[in-house]
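Structural characterization, general
So the chains spell out like this:
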Amino acid sequence: MKKLGSVALAALLASASGGCATVLNGTNVDYSTETRPEGATATFTSGQECITPCELEMKRKNDQRVDLYAEGYKPTYVLIQSKLGGSTFGNILAGGGIGAVVDGSNGASNRLYPRPLIVQLAEEGTDEEAVLLDKDGNVTMTVKEHNDSVRVDVAKTIGAELAGLEAAPNPGSE
């Protein structure tokens, strides 16, 4: 009887340790990137690269920077923030403290922001700024406003220079 209780307890712990978000969401997400105009090169800090519009599989737990280049348009970059999602709180409320730890450590409970990434690039030679668009094509904010709002947090994982907190060193200076 004692052995049966141990087996039952082990089974309970094993099922709780999976983490709800890990089971439901997985640790990766399909990440869509679009630009207006289409055909921009998108280069991510993860080393992935694509021509817009494109979709890449990305880790939910990793902050990113994506550099966007298109001929005739100002180069720009967007900081992609990995934010804690609501499933962690669901784990805690449902008594899955172990699941919350698992989901938190592997990033399954995180979501990437902005997602999808839709950027209206600014033409060279104009005073325009690149802007973020929602799914309906409406401007949500400038890329600069977005980057400024997440820069300090994202810098903790991708580094201050990549996040734009420090200027890149001038190759000709000491």
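Report on the accompanying structure. Within any chain, residue numbers begin from 1 and follow the written order of that chain's sequence. Predicted model: local features are reported for residues with pLDDT of at least 70 only, side-chain atom pairs are reported and counted for 80 or more only, and whole-chain, interface and lining totals are derived from all residues. The side-chain quantities take in all heavy atoms of the structure and omit both hydrogens and water.

**With respect to the sheet that holds strand 6 (residues 76–84)**
The following threshold applies: Note: two strands are recorded as paired if DSSP finds a minimum of 2 bridges between them. By definition, any uninterrupted DSSP run of H or I lasting at least four residues is a helix, any uninterrupted run of E lasting at least two residues is a strand, and each is numbered from the N terminus. Here the axes come from fitting lines to C-alpha atoms, over the contacting stretch only for helices, and the angles between their N-to-C directions go from 0 to 180 degrees.
Reading across from one edge, 3-2-5-6-7 is the order of the five strands in this open sheet, with antiparallel pairing throughout. At either margin of the open sheet sits one strand with a lone partner, and together these are strand 3 (49–51) and strand 7 (110–113). Taking the axes of each pair of neighbouring strands and ignoring which way they run, one obtains an average angle of 20° across the sheet. When strand 5 (residues 64–69) meets strand 6, the two strands line up antiparallel, connected through five bridges.

**Considerations on helix 5 (residues 143–158)**
Counted only if it meets this: What a helix is expected to span follows from its residue count: subtract one and scale by 1.5 Å. Two axes enter the bend calculation: one fitted to the seven residues ending at the residue in question, the other to the seven starting there, and the bend is the angle between them.
In this model helix 5 runs just 18 Å from its N-terminal to its C-terminal C-alpha over 16 residues, more than 12% under the 22 Å that 1.5 Å per residue would give. Maximum bend of helix 5: about 60°, positioned at arginine 151. Positive phi appears at glycine 159, one or two residues downstream of helix 5, with a value of about 100°.

**Digging into the sheet that holds strand 8 (residues 117–120)**
Short version of the rule: We call two residues contacting when some pair of their heavy atoms lies within 4.5 Å.
Taken together, the five strands give an open sheet; going across it, the order is 4-1-8-9-10, and neighbouring strands pair in mixed fashion. Looking along the sheet, the strands with just one partner apiece sit at the ends: strand 4 (54–59) and strand 10 (139–142). Averaged over all pairs of adjacent strands, the angle between their axes in this sheet comes to 30°, without regard to strand direction. Looking at chain direction, strand 1 (residues 28–36) and strand 4 are connected through six bridges and run antiparallel. Counterpart to tyrosine 31 in the pairing with strand 4 is leucine 56. Taken strand by strand, helix 5 contacts strand 8, strand 9 (131–133) and strand 10, and its axis lies near 70° from that of strand 10.

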